[in-house]
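Chain residues, written in single-letter form:
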Amino acid sequence: QVQLVESGGGLVQAGGSLRLSCAVSGRTFSRYAMGWFRQAPGKERAFVAAWRGGSTYYADSVKGRFTISRDNGKNTVYLQMNSLKFEDTAVYYCAATAAAAVERTALYNYWGRGTQVTVSS
């Protein structure tokens with residue numbers, strides 16, 4: 001079993017920055033690809049970013065603004081979010097998968113409870 005706990009969300013003005021953290025416990029952290037997803041009110045959960053095998057993947061809407069990273073020594077994955085926009089407002093979820101298709105929500109086995117990010121315009 002893998003447990004994930006997100007932190008770092010909050011209220012920020014447009015153009016500002018936040019760094020989300022996801023602490024992972026349980027099975028060997030390094031075995032899994034890690035992803036960040038978000039869900040805005042009334043919308044489906046959507047892929048944001050993922051890290052797998054040293055490669056990173058991003059949704060087009062966040063490329064150049066968000067950066068995913070992981071620290072295997074601390075069993076933690078991060079999402080640095082810069083130049084935030086109102087449309088980035090959502091609950092952000094951390095997730096883990098053993099699958100290769102890291103953009104597919106349905107292939108993630110483990111999920112955190114989410115952290116709210118609110119961007120004021």
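Please refer to the structure placed before this passage.
Residues numbered from 1 in each chain as written. Predicted model: local features only at pLDDT ≥ 70, side-chain atom pairs only at ≥ 80, totals over all residues. Heavy atoms only, no water.

J.: What is the right way to look at the packing of aromatic side chains in this model?
T.: Scanning all chains against the criterion turns up 6 aromatic pairs. Where Tyr-32 meets Tyr-110, the ring centres are 5.9 Å apart and the plane angle is 90°; that geometry is what we call edge-to-face. Placement of the pair is Tyr-32 in the loop between strand E3 (18–26) and strand E4 (33–39) and Tyr-110 in strand E10 (residues 110–111), with a sequence separation of 78 residues. Judged on exposure class, the residue Tyr-32 and its partner Tyr-110 are both buried. In textbook terms, an aromatic cluster arises when at least three aromatic residues are bridged by ring pairs, as seen for Phe-37, Phe-47, Tyr-93, Tyr-108 and Trp-111. Above the ring of Tyr-93, the side-chain terminus of Arg-45 is found at 3.7 Å from the ring centroid. The lysine or arginine in question, Arg-45, covers the ring of Trp-111, its NZ or CZ lying 4.8 Å from the ring centre. (Phe/Tyr/Trp six-rings, centres within 6.5 Å; stacked < 30°, edge-to-face > 60°. Helix = DSSP H or I, 4+ residues; strand = E, 2+ residues; numbered from the N terminus. Buried < 20%, exposed > 50% of the residue type's maximum accessible area, 1.4 Å probe, protein only. Lys NZ or Arg CZ within 6 Å of the ring centre and 35° of its normal.)

J.: Would you take a moment to explain the nonpolar core for this structure?
T.: If you look at soluble globular proteins, the nonpolar side chains tend to sit buried side by side. Ranked by size, the top nonpolar core spans 37 residues in total, and within it Leu-4, Met-34, Trp-36, Leu-79, Met-81 and Tyr-92 carry the most contacts. Secondary-structure elements contributing two or more residues to this core are strand E1 (2–7), E3, E4, strand E5 (46–52), strand E7 (66–71), strand E8 (76–81), strand E9 (90–97) and strand E11 (115–120). Sorting elements by how many residues they give to this core places E9 first, with 5 residues. (Core = buried A, V, L, I, M, F, W, Y, C linked by side-chain atoms within 4.5 Å.)

J.: Just checking my understanding: could you explain the environment of Leu-84 for this structure?
T.: Along the chain, Leu-84 turns up in the loop between E8 and E9. Residue Leu-84 is classed as buried on the basis of its relative accessible area of 2%. A C-alpha to C-alpha distance of 8.9 Å links Leu-84 and Phe-66, two positions 18 residues apart in sequence. Leu-84 has contacts with Val-12, Ala-14, Gly-15, Gly-16, Ser-17, Leu-18, Arg-65, Phe-66 and Val-119, leaving out every residue within four places of it along the chain. (Contact = heavy atoms within 4.5 Å.)

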